[in-house]
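The lines below spell out each chain.
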Amino acid sequence: KKEEEREEEYKKKEDKSRAVVLEMLGDLPSADIKAPENVLFICKLNPITDDEDLQLLFSRFDPNARAEIIRDPDTGDSLQYAFVEFTTQRQCNEAYFKMNNVMVDDRRIKVDFSQSVAKEWNKFTMQRRRGQRQQQQHGGYGGGG
């Protein structure tokens, strides 16, 4: 058992150091960033399922649940997976246990907890872009003439 504990500790340290490197490279807004605990990842959706259908299905766990099917940016076609955000972690957990393997539009969907930090990443990159635009508007990066 001691060996397993050491291995687990080693993996945690290794993950942390990788995250620190990614933060230094600008590929991660923070080494301490964690996936949200109130968001589910839904996959194996039928292409005909839309955001409203999914939102309605998950609203029984949270009337304010927000569903977003991920779409191809060029065609707008469903990529057959989605994220559903809940108000609380408890609602998210309940939906996870009750909705995995449920039939939706003749497809058996798979439900899991989201591992995505995309929302946080988007906030980070938008702030970075805004900062770069402001620097360009105010004379760039310095220098002189």
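Residues numbered from 1 in each chain as written. Predicted model: local features only at pLDDT ≥ 70, side-chain atom pairs only at ≥ 80, totals over all residues. Heavy atoms only, no water.

A. Main features of the sheet that holds strand 6 (residues 110-113). One open sheet accounts for four strands, arranged 2-3-1-6; its pairing is antiparallel. Bordering the open sheet on either side are strand 2 (66-71) and strand 6, each of which pairs with just one other strand. Strand-to-strand twist in this sheet, taken as the mean axis angle between neighbours without regard to direction, amounts to 25°. Sheet topology note: the strand 1 (residues 39-43)/strand 3 (residues 78-85) ladder contains five bridges and is antiparallel. Directly across from Leu40, in strand 3, lies its bridge partner Val84. Relative to strand 2, helix 2 (residues 51-58) is tilted by about 145°, and along the sheet it contacts strand 1, strand 2 and strand 3. Against the sheet, helix 3 (residues 89-99) engages strand 1 and strand 6, with an angle of about 150° to strand 6. (Pairing = 2+ DSSP bridges. Helix = DSSP H or I, 4+ residues; strand = E, 2+ residues; numbered from the N terminus. Axes fitted to C-alpha atoms, helices over the stretch in contact; angles between N-to-C directions. Contact = heavy atoms within 4.5 Å.)

B. A look at the side chain of Asn46. Within the secondary structure layout, Asn46 lies in the loop between strand 1 and helix 2. Those residues in contact with Asn46, other than ones at most four positions away along the chain, are Val104, Asp105 and Arg107.

C. Highlighting the nonpolar core. In terms of nonpolar packing, the biggest core is built from 18 residues, with Leu40, Ile42, Leu54, Phe58, Val84 and Phe86 touching the most fellow members. Contributions of two or more residues to this core are made by strand 1, helix 2, strand 2, strand 3 and helix 3. In terms of residue count, helix 3 provides more of this core than any other element does, three residues in total. For Ile42, the residues in contact, after removing those within four places along its chain, are Phe58, Gln80, Tyr81, Ala82, Val84, Ile109, Lys110 and Val111. (Core = buried A, V, L, I, M, F, W, Y, C linked by side-chain atoms within 4.5 Å. Buried < 20%, exposed > 50% of the residue type's maximum accessible area, 1.4 Å probe, protein only.)

D. Representation of the pattern of salt bridges. Applying the stated criterion across every chain yields a total of four salt bridges. With its nearest N and O atoms 3.1 Å apart, the salt bridge here joins Arg6 to Glu3. Taken together, the residues span about one helical turn, with Arg6 and Glu3 both in helix 1 (residues 2-24) at a distance of three residues. The class for Arg6 is exposed, based on a relative accessible area of 53%. Across the pair Lys98 and Glu94 runs a salt bridge whose closest N-O atoms are separated by 3.2 Å. (Salt bridge = Lys/Arg side-chain N within 4 Å of Asp/Glu carboxyl O.)

E. Molecular detail of unusual backbone geometry. Positive phi is not limited to glycine here, since Asp105 has a value of about 50°. Tracing the sequence through the fold places Asp105 in the loop between strand 4 (103-104) and strand 5 (107-108). One non-glycine residue, Asp106, lies in the positive phi region at around 65°. Structurally, Asp106 is set in the loop between strand 4 and strand 5. Looking at Asp106, the relative accessible area reads 70%, which means it is exposed.

F. How the structure looks around the packing of aromatic side chains. Taken as a whole, this structure holds seven aromatic pairs when the rule is applied. Between Phe41 and Tyr81 the ring centres are 5.8 Å apart and the planes differ by 45°, which places this aromatic pair in the tilted class. Placement of the pair is Phe41 in strand 1 and Tyr81 in strand 3, with a sequence separation of 40 residues. Centroid distance Tyr96 to Phe97: 5.0 Å. Interplanar angle 70°. Geometry classified as edge-to-face. Among the residues examined, Tyr96 registers a relative accessible area of 21% and is labelled partly exposed. What links up through ring pairs into an aromatic cluster is the set Phe41, Tyr81 and Phe83. (Phe/Tyr/Trp six-rings, centres within 6.5 Å; stacked < 30°, edge-to-face > 60°.)

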